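Chains, contacts and geometry: an overview
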Amino acid sequence: MRLLFLHGAGGYDDDRPLAEALGAALDAGVDLPRLPEDDMSVATWASAVRRGLEAVGADGVVVAHSFGASILLHVLAAAGPTPRRALLLAMPDWSPDGWDVPDYAAPASEPATRLSLHHCRDDEVVPFTHLALHAARLPSAQVTAHRRGGHQFVGLAETIAADARPR
């Protein structure tokens, strides 16, 4: 099994421990592509995300964190290769109710991919209130709120891996 982990904005090094812990918990090889820091456009990041999805295939485990989760949602809403399941961790809401950045706002349609949303109540980067905004827009998604773990989901790799395992 392969794990594709999509890091957050500028978070390649910060997200590596979580990606590796998830890989170990799943007994999966980890693909952690370094997403561009010099061009934060949806188009540029989406291109890199699509390449990652093609590499792991439909049966791979896909976990995306923060800004990476926002971009993955854009990719999943468009035509192209999609995984059967994806976990979105600490995903920011870019609508007027969240951070109000129209360029990154979630697509209007819910993707066919089965989604799980995870967020920690003590996230110091993305407000916990963003989870409820996404849950309302993605009514088919499984929603998990964690009491603690911060933005990096410290100590939660096993819990997240349990959700990521094929059922």
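Small disclaimer: the values here were computed from a predicted structure and weren't measured.

About the thresholds
- Numbers given to residues run from 1 along each chain, matching the order in which its sequence is written.
- Local features are withheld for residues below a pLDDT of 70 in this predicted model, meaning they are given only at 70 or higher, and side-chain atom pairs are given and counted only at 80 or more; totals for whole chains, interfaces and linings count all residues.
- For side-chain calculations, the full set of non-hydrogen atoms in the structure is used, while hydrogens and water are omitted.
- Secondary structure elements are taken from DSSP: a helix is a run of H or I of four residues or more, a strand is a run of E of two residues or more, and numbering for both begins at the N terminus.
- Note on exposure labels: buried denotes an accessible area under 20% of the residue type's maximum, exposed denotes more than 50%, and partly exposed covers the range between, all computed with a 1.4 Å probe on protein chains only.
- We call two residues in contact whenever any of their non-hydrogen atoms come within 4.5 Å of each other.
- By definition, two strands form a pair when at least two bridges between them are found by DSSP.
- With its strands directed away from the observer, a crossover is right-handed exactly when the path from the first strand over the helix to the second travels clockwise.
- Side-chain atoms within 4.5 Å are what join buried Ala, Val, Leu, Ile, Met, Phe, Trp, Tyr and Cys residues into a set we call a nonpolar core.

Each helix and strand counted, the chain has 5 helices and 6 strands in total. Put simply, the chain runs from its N terminus to its C terminus through helices and strands in the order β-α-β-α-β-α-β-β-α-β-α. When the backbone C-alpha atoms are referred to their principal axes, the chain occupies close to 40 × 35 × 30 Å. Out of the 167 residues in the chain, the part that is buried amounts to 51%. A separation of at least 24 residues holds for 74% of the contacts in the chain among residues at least 6 apart in sequence.

Here the focus is the pairing of strand β5 (residues 114-120). Of all 7 residues that make up β5, 6 are buried, and the element is covered over most of its length. For strand β4 (residues 85-89) and β5, the ladder comprises 5 bridges, and the chain directions are parallel. Looking at the pairing, Leu89 lines up with His118 of β5. Sheet topology places β5 next to strand β6 (residues 142-146); 5 bridges connect them, and they run parallel. Of the residues in β6, the one forming a bridge with His119 is Ala145. The parallel pair β5 and β6, bridged by helix α4 (residues 129-137), forms a crossover whose chirality is right-handed.

With that settled, consider the nonpolar core. In terms of nonpolar packing, the biggest core is built from 29 residues, with Leu6, Val62, Ile71, Leu72, Leu88 and Leu115 touching the most fellow members. Not counting the four nearest positions on each side in its chain, Leu72 is found in contact with Leu6, Val49, Leu53, Val62, Ala64, Ala86 and Leu88. Counting 22 residues, the second largest nonpolar core, distinct from the first, contains Ala28, Leu32, Ala90 and Leu156.

Its identity is not glycine, yet Asp27 carries a phi of approximately 55°, on the positive side. Tracing the backbone through its elements, the reader meets Asp27 in the loop between α1 (12-26) and β2 (29-31). Phi at Ala90 takes a positive value of approximately 50°, unusual for a residue other than glycine. Relative to the helices and strands, Ala90 resides in the loop between β4 and β5.

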